[in-house]
Amino acid sequence: MKNQWIEFLSGKVTVKVSGRGIERFLNVLIRNGLMIWNVKRHGTETITFTMRLEDALKIRHYARERDCSVSFLKRAGMPFLFKRLLKNSGFAAGALLFLLIIMVLSNVIWGIEIKGAKPATEYQIRKELDKMGVKIGKIQLFLDNVEGIQRKLTNNVGNLTWVGVELKGTTYHLQVVEKKEPEKAEQLAPRNLVAKKKAIIANMYVETGQKMVDIHDHVEVGQILVSGTIGREGQTQQVAAVGEVWGETWYRSHVELPLETIFFVFNGQEKIKNSLIIGNLEIPIWGFGELKFKDYEVEKNVKKIKFLKWELPISFGTETLRAREETTRTYSEEEAEKNALELAKNKIKTVVDEEAIIKDEKILHKELKDGKVILDVHFKIIENIAVGQPIPKETPE
């Protein structure tokens, strides 16, 4: 059985042969290893048959020796198809160029819309976008992703509370929330200020209400510091107690710090690789060659390629390989103790208010064990211990 794919790839022709020596001509072809099929007789002196293109180029020599005339009726297969494509190459190239231009234009920024920002803030945002290269006419594939643009805008534009960035087609849509001026204090219901922690009173400022404690007093959790009930006996009224009561509180922190720490740092070397991603197939297009460094971290960014408003199943991938080096940091016992104490302070700051002040610290226990400095530290903290507590309404008898 003939392989139809091989015939298509190599090309085939339908041949018409006329003359008196047709039978002898066919026998000569077969003896010389030329393959023919679909042989049909048309009258006494004419036949047609099909043969491979490479064999068809040889038969005129045999036809002249046998007094036969040869003509080719039909041509089929890849060589002839390729020849026809070459004839129409201008049209094919124009169509391909048109599709390529449409694809490129579909991945270019054509609009940037900003909503929710005042004119001054919008100007700052557009200025920052220009620095990042996010402007009309730029190709999206070479820019930061949406999350990166959002993060940089939030960090670099001071009066933004939040900015949402969304890419729809060829337009970036930014929704902005600006920082608002402090609102007027809300009307508070009658309340007392009570202690949220055990403390010794260090300082206090009362704007509204009646002081119930004094400096150096020891207070317990829930004890009233400032009463919301003011006035003389029999002529009292209830108000919202307002003020700050700063007390000395106590915390204990346990930290462990190794004398020797291994970590990685980037040395500034990097290599960028670009590729086209089609399904699970990744085709490298840039960044060939061997790496000049062995240890590295990989950051990968993948962006979909668009055609008009549709996302194609093709992506443009960028891999950034950053060289890193292993570094060992070694502390002396004195340095480790100093850094461990600083670590303990930072640990305490995460559990107290921002306004809290570390008044004093004392190392209760220090130990060097298994290559680590172990500290137990006692801290005295000055912080606002007052918290509002509603005054219960009196029920009529």
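Below is a summary of the structure that appears in this document. Each chain has its residues counted from 1, running along the sequence as written. pLDDT decides what is reported in this predicted model: residues at 70 or higher carry local features, side-chain atom pairs at 80 or more are listed and counted, and totals for whole chains, interfaces and linings draw on all residues regardless. Note that the side-chain values use all heavy atoms of the structure and ignore hydrogens as well as water.

1. Quick look at the packing of helix α7 (residues 119-132) against helix α8 (residues 146-156)
At step 1: The convention used is that axes are lines fitted to C-alpha atoms, helices contributing only their stretch in contact, and that angles between N-to-C directions extend from 0 to 180 degrees. The numbering of helices and of strands both runs from the N terminus, where a helix is a DSSP run of H or I of at least 4 residues and a strand a run of E of at least 2. Remark: α7 packs on α8, axes separated minimally by 10 Å, with the N-to-C direction vectors making an angle of 130°. Viewed along their axes, α7 and α8 adopt a mutual orientation that is oblique. Read as a crossing pair, α7 and α8 show a hand that is right-handed. Across the interface between the two elements, Ile 125, Glu 128, Leu 129 and Met 132 from α7 touch Ile 149, Lys 152, Leu 153 and Asn 156 from α8.
At step 2: Here the term charged refers only to Asp, Glu, Lys and Arg, the term nonpolar to Ala, Val, Leu, Ile, Met, Phe, Trp, Tyr, Cys and Pro, and the term polar to all other amino acids, Gly among them. Of the residues that constitute the contact of α7 with α8, the class distribution is 5 nonpolar, 1 polar and 2 charged. The scheme is simple: roughly parallel for angles under 35 degrees, roughly antiparallel for over 145, roughly perpendicular for 65 to 115, oblique for anything else. We call a crossing left-handed when the near helix sits turned anticlockwise from the far one by less than a right angle, and right-handed when that turn is clockwise. Two residues qualify as a contact provided that any one of their heavy atoms is within 4.5 Å of a heavy atom in the partner residue.

2. So, the sheet that holds strand β20 (residues 357-369)
At step 1: Strand order in the open sheet formed by 5 strands is β11-β9-β15-β21-β20, and the pairing between neighbours is antiparallel. Edge positions in the sheet fall to β11 (218-219) and β20, since each of these pairs with one other strand and no more.
At step 2: Across 11 bridges, β20 lies against strand β21 (residues 372-384) in antiparallel orientation. Residue pairing for β21: Lys 362 is matched across the bridge by His 378. For two strands to be treated as a pair, DSSP must find at least two bridges joining them.

3. Quick word on the nonpolar core
At step 1: Val 15, Val 17, Phe 25, Leu 29, Phe 49, Met 51 and Ile 59 are the most contacted members of the largest nonpolar core, which has 21 residues in total.
At step 2: Broken down by secondary-structure element, the contributors of at least two residues to this core are β1 (12-19), α2 (22-31), β3 (46-52), α3 (53-56), α4 (59-65) and β4 (68-76).
At step 3: Setting aside residues no more than four positions away along its own chain, Val 17 makes contact with Ile 22, Phe 25, Glu 45, Thr 46, Ile 47, Phe 49, Cys 68, Ser 69 and Val 70.
At step 4: Core analysis: the next-biggest nonpolar cluster, separate from the first, contains 18 residues, Met 132, Val 134, Val 157 and Val 176 among them. By nonpolar core is meant a set of buried Ala, Val, Leu, Ile, Met, Phe, Trp, Tyr and Cys residues that side-chain atoms within 4.5 Å join together. Accessible area is worked out with a 1.4 Å probe on protein chains only. A residue is then buried under 20% of its type maximum, exposed over 50%, and partly exposed in between.

4. So, the pattern of salt bridges
At step 1: The term salt bridge refers to a side-chain nitrogen of Lys or Arg lying within 4 Å of a carboxyl oxygen of Asp or Glu. For the structure shown, the criterion picks out 14 salt bridges.
At step 2: For the salt bridge of Arg 324 with Asp 295, the shortest nitrogen-to-oxygen distance reads 3.2 Å. Here the residue Arg 324 occupies a position in strand β19 (residues 310-330), and Asp 295 occupies one in the loop between β17 (281-286) and β18 (296-307), the gap between them amounting to 29 residues.

5. Quick notes on the side chain of Glu 248
At step 1: Looking at the secondary structure, you find Glu 248 in strand β15 (residues 242-258).
At step 2: Given a relative accessible area of 11%, Glu 248 falls into the buried group.
At step 3: Here the side chain of Glu 248 touches Lys 359 through a polar contact of 2.9 Å, side chain to side chain.
At step 4: What Glu 248 contacts, discounting residues up to four positions off in sequence, is Lys 198, Ala 199, Ile 200, Ala 202, Lys 359, Lys 380, Ile 381 and Ile 382. Polar contacts, as used here, are pairs of N or O atoms within 3.5 Å; protein pairs need one atom able to donate a hydrogen and one able to accept it. Residues neighboring in sequence count only if both atoms are side-chain atoms.

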